[in-house]
Every structure is written in structure tokens, then in C-alpha cells.
Amino acid sequence: MLATLKQTAELVDFFRLQGVKQVFKKNDFIIRPGDSPYGVFYIFQGLVKAYDITKYNEENLLIIRKQDEIFPLIWAVTGKERHIIYQALAPTTTYKVSREAFLKFIKSSSDALVPILDMTMEMYRLHGDRILTLEYRTVRERIIAFLLTMSQRFGRETDEGILIEVPLRHQDIASSVNATRETTSRELSALERKGLLENKQSYTLLKDIGALSKHLA
């Protein structure tokens with residue numbers, strides 16, 4: 001990352017001093033289906049799922065935003081809407097500013113652009129990883145690649161393995177790997193029977209990273 005602690009603190013202070021604090025319960029909508037963005041949000045605490053609805057009326061997971069990230073960042077900078085839905089995945093606290101105030105701030109502070117560049121590059125990397133995941137031929141390979149990527153972003157080491165500390169429904173995984181929910185559920189069950197992963201109350205525990213990685217070699 002390029003940003004220094006001072007540069008990041010300047011950006012955070014802007015949101016905390018000028019923004020409106022908002023608290024959301026798990027599953028609360030932050031930007032509802034069909035609504036236009038009504039501000040730029042800094043996540044002080046929690047998790048936010050960004051997704052859209054396909055023509056088959058299924059949720060398509062795009063990205064999960066975490067603490068110290070900003071959304072919707074593309075709209076904030078370009079003004080272009082994509083009608084993305086934002087929903088709290090856990091109890092979440094945000095600070096909201098207007099797009100006009102956000103643009104005025106980043107134009108007046110070159111230091112503030114550095115942490116935003118870091119966030120943009122991270123988003124670019126994650127979308128690149130998703131494209132690479134889709135290059136695997138089998139659903140099982142794509143699921144494993146997706147889970148390994150999620151473990152790098154949300155994983156916590158435990159005595160049992162790497163716990164992905166974000167609730168992932170089978171539909172979320174399925175939409176991310178271009179598979180049906182039924183096929184995804186079947187493959188996850190097969191991996192669980194092999195002792196490679198385990199479901200922990202909506203969280204996924206990767207019990208053998210080495211063995212999972214070998215499936216992608």
C-alpha cells in the first residue's frame with residue numbers, strides 16, 4: 001500500500017468530522033434496489049455486500065466491502081451509476097458525506113488521493129482475481145480459487161485452519177464462480193466430506209490450505 005498512516009488519518013478525519021454517522025443492523029439495506037446513491041460512505045466498522053440482480057432474478061455478488069473502505073467509489077469519482085445494491089452483512093457503522101463534499105475534499109488534498117488510490121487498486125486486484133477464477137474449467141476448481149481469495153481478504157488463522165470471517169451463502173459463492181446454487185452446494189459438500197473445509201455458522205473454515213491449493217496446480 002502507498003498511503004502513510006498520516007494520509008489515511010486525514011481521509012478518515014474528513015468523514016468522521018464532516019460526515020453523518022449511520023448505524024445499520026445485519027441485513028439492513030444501505031442503498032436499496034432501484035435507488036440511486038445518496039452519498040459516499042466510509043465503513044467505520046462492519047461489512048457491506050455489493051450486488052446486483054440478474055435477469056433470472058438471482059443475486060449476483062460483486063464485492064464485499066470491509067472496515068476502512070469507501071463505497072460506492074466509482075460513482076463517487078465519475079458520477080456514473082450502475083444500480084448496485086448495498087446491504088449490511090453484519091452490524092455496520094458508516095459515515096456519509098455528499099458526493100460534492102467528497103470531490104471538493106479530494107481536489108483540495110493531494111494526500112487524500114493516496115489512500116483512495118490504494119482502495120482503487122485493491123478493487124482492481126479483486127476483480128482481476130475473479131476473472132482468473134473463472135478461467136478454471138471445473139466448478140470445484142473455481143470454488144476453491146474463490147475461497148482461497150476470500151481467505152486472503154477476510155481470513156483469520158485458528159487452531160483448526162483459516163476461518164473466513166464473512167457470512168457467505170451458497171448463492172453468493174455460486175454467482176461468483178458462474179455456477180448454479182445446486183451445483184455449488186454439491187461441490188461444497190464434497191469438499192467438506194473430504195475434510196478440506198467446514199461450515200461454521202455461515203462462516204467457512206478452510207481446514208487444509210495446502211490440499212485445497214493442490215487442486216489448482
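Since the model is a prediction, treat every value here as computed from it, not as a measurement.

> Just to check I follow, could you spell out the sheet that holds strand E6 (residues 70-71) for this structure?
The strands making up a sheet are joined through hydrogen bonds of the backbone, oriented either antiparallel or parallel. Read across the open sheet, the 4 strands follow the order E1-E8-E3-E6; overall the sheet is antiparallel. The strands lining the two open edges of the sheet, one partner per strand, are strand E1 (20-24) and E6.

> Would you take a moment to explain a nonpolar patch on the surface for this structure?
On the surface, a cluster of nonpolar side chains totalling about 470 Å² of accessible area is made up of Leu 2, Leu 117, Met 121 and Tyr 124. Structurally, Tyr 124 is set in helix H4 (residues 110-133). Under the relative-accessibility criterion, Tyr 124 is labelled exposed at 64%.

> How should the pattern of salt bridges be read in this particular structure?
Think of it this way: side chains of opposite charge can pair up when their charged atoms draw near. Counting across every chain of the model gives 15 salt bridges. A salt bridge links Glu 182 to Arg 181; the shortest N-O distance between them is 3.6 Å. Residue Arg 181 is classed as partly exposed on the basis of its relative accessible area, which comes to 41%. Linked through salt bridges whose partners overlap, the residues forming this network are Arg 65, Glu 69, Glu 122, Arg 125, Asp 129 and Arg 153.

> Explain the pairing of strand E4 (residues 48-53) here, please?
For a regular strand, side-chain orientation follows a simple rule: the groups alternate between the two sheet faces. Taken together, the 6 bridges between E4 and strand E5 (residues 59-65) define a ladder with antiparallel strand orientation. The residue of E5 that forms the bridge with Ala 50 is Ile 63. Between the end of E4 and the start of E5, which pair antiparallel, lie 5 residues, with Asn 57 showing a positive phi angle near 65 degrees. Examined bridge by bridge, E4 and strand E7 (residues 85-88) share 4 bridges and lie antiparallel to one another. The residue of E7 that forms the bridge with Lys 49 is Gln 87.

> Explain unusual backbone geometry here, please?
With glycine set apart, most residues show a phi of negative sign, and most peptide bonds adopt trans. Along the chain, Phe 71 connects to Pro 72 via a cis peptide bond; the corresponding omega equals -15 degrees. By secondary structure assignment, the location of Pro 72 is in the loop between E6 and helix H2 (73-78). Despite not being glycine, Asn 27 shows a phi value in the positive range, around 80 degrees. In this structure, Asn 27 sits in the loop between E1 and strand E2 (29-31). A residue is classified by how much of its surface remains accessible, and Asn 27, at 47% relative accessible area, is partly exposed. Of note in the backbone geometry, Gln 201 takes a positive phi value of approximately 55 degrees without being a glycine. With respect to the element layout, Gln 201 can be found in the loop between strand E11 (197-200) and strand E12 (203-206). A residue is classified by how much of its surface remains accessible, and Gln 201, at 77% relative accessible area, is exposed.

Procedures and definitions
- Residues numbered from 1 in each chain as written.
- Predicted model: local features only at pLDDT ≥ 70, side-chain atom pairs only at ≥ 80, totals over all residues.
- Heavy atoms only, no water.
- Pairing = 2+ DSSP bridges.
- Helix = DSSP H or I, 4+ residues; strand = E, 2+ residues; numbered from the N terminus.
- Patch = residues over 30% accessible without salt bridge, like charges linked within 9 Å, V, L, I, M, F, W, Y side chains within 5 Å.
- Areas by Shrake-Rupley, 256 points an atom, 1.4 Å probe, with all protein chains shown as cover.
- Salt bridge = Lys/Arg side-chain N within 4 Å of Asp/Glu carboxyl O.
- Buried < 20%, exposed > 50% of the residue type's maximum accessible area, 1.4 Å probe, protein only.

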